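Residue strings, one per chain:
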Amino acid sequence: ATAVTHLLVAIGHLKKNELDKALVHLEVAQGLAPNNPIILNNLALCIARVRPEELPKARRMMEYAISTSRPDAEMYDTYGEILVLCKDYVVAIRAFEAALQINSDRPGTRKKLAEVYAKVALTDMAEAVENKAAGTTPTATPGTMTPGLRQDGIFKSDDILSPVEPAAPTEPSKTTPPESK
């Protein structure tokens, strides 16, 4: 099967919160298309949720995906989520803010940003972001997309299981392609 076939099967599993099954297909897809940023985004998120001991690998994947693709709010959101799990809150703030600069209509990202501000004791910033999040409504037309899946195939991180507890952060290289299995 092709990388796209494995990606589509993985997305089906992600929709059902079957992360272990999705992970296998995403790893195969990444082996077939190692530089595909959509596959890397979904795989990194899955790894972060299923294998917290591999958070450094997930972080490297997202850094590589972001460095090799067009600016994408969902990728920065995923990267921010992984950075929170790594307890790298300052860089997580930058990632969530980058996502909001690309697309300001992201209440889930605003909520994550507010939570990170609160973690680093910037309560005034957290409150300002929460107030903005409360007034933001999605602009997607109902019935035009599958919940959790964008039109370009990136699965939205807000629509799968809650993150696991973080592991220690590492300093990955931004120019090295992620390793495949």
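Conventions adopted
Residues numbered from 1 in each chain as written. Predicted model: local features only at pLDDT ≥ 70, side-chain atom pairs only at ≥ 80, totals over all residues. Heavy atoms only, no water. Helix = DSSP H or I, 4+ residues; strand = E, 2+ residues; numbered from the N terminus. Buried < 20%, exposed > 50% of the residue type's maximum accessible area, 1.4 Å probe, protein only. Contact = heavy atoms within 4.5 Å. Areas by Shrake-Rupley, 256 points an atom, 1.4 Å probe, with all protein chains shown as cover. Core = buried A, V, L, I, M, F, W, Y, C linked by side-chain atoms within 4.5 Å. Salt bridge = Lys/Arg side-chain N within 4 Å of Asp/Glu carboxyl O.

**Quick word on the overall build of the protein**
Helices and strands together make up the secondary structure of the protein, namely 8 helices and 0 strands. When the helices and strands of the protein are read in sequence order from the N terminus, they spell out α-α-α-α-α-α-α-α. In the protein, which comprises 181 residues, the share counted as buried stands at 48%. Considering only contacts in the protein between residues 6 or more positions apart, those separated by 24 or more positions represent 62%. Here the protein has roughly 8900 Å² of accessible surface; of this, 55% comes from carbon and sulfur atoms.

**Some words on the nonpolar core**
In terms of nonpolar packing, the biggest core is built from 44 residues, with C46, M62, I82 and L113 touching the most fellow members. Looking at this core, the elements that each hand over two or more residues are helix 1 (3–15), helix 2 (19–32), helix 3 (37–50), helix 4 (55–68), helix 5 (73–85), helix 6 (89–102), helix 7 (107–119) and helix 8 (123–134). The element that contributes the greatest number of residues to this core is helix 3, accounting for 8 residues. Sequence-distant contacts of I82, defined by excluding residues within four places in its chain, comprise A44, L45, A48, L55, A58, R59 and M62.

**A few points about the pattern of salt bridges**
Think of it this way: side chains of opposite charge can pair up when their charged atoms draw near. Applying the stated criterion to the full structure yields 12 salt bridges. The partner of D77 in a salt bridge is R106, with the nearest N and O atoms 3.7 Å apart. Of this pair, D77 sits in helix 5 while R106 sits in the loop between helix 6 and helix 7, and the two are 29 residues apart along the sequence. Of the two residues, D77 and R106, neither departs from the other in class, the shared state being buried. Between E81 and K112 there is a salt bridge; the shortest N-O distance is 3.3 Å. Linking E81 in helix 5 with K112 in helix 7, this pair joins segments that are 31 residues apart in sequence. Here E81 matches K112 in class, with each residue buried. Overlapping salt bridges, with partners in common, bring together R49, E74, D77, E81, R106 and K112 in one network.

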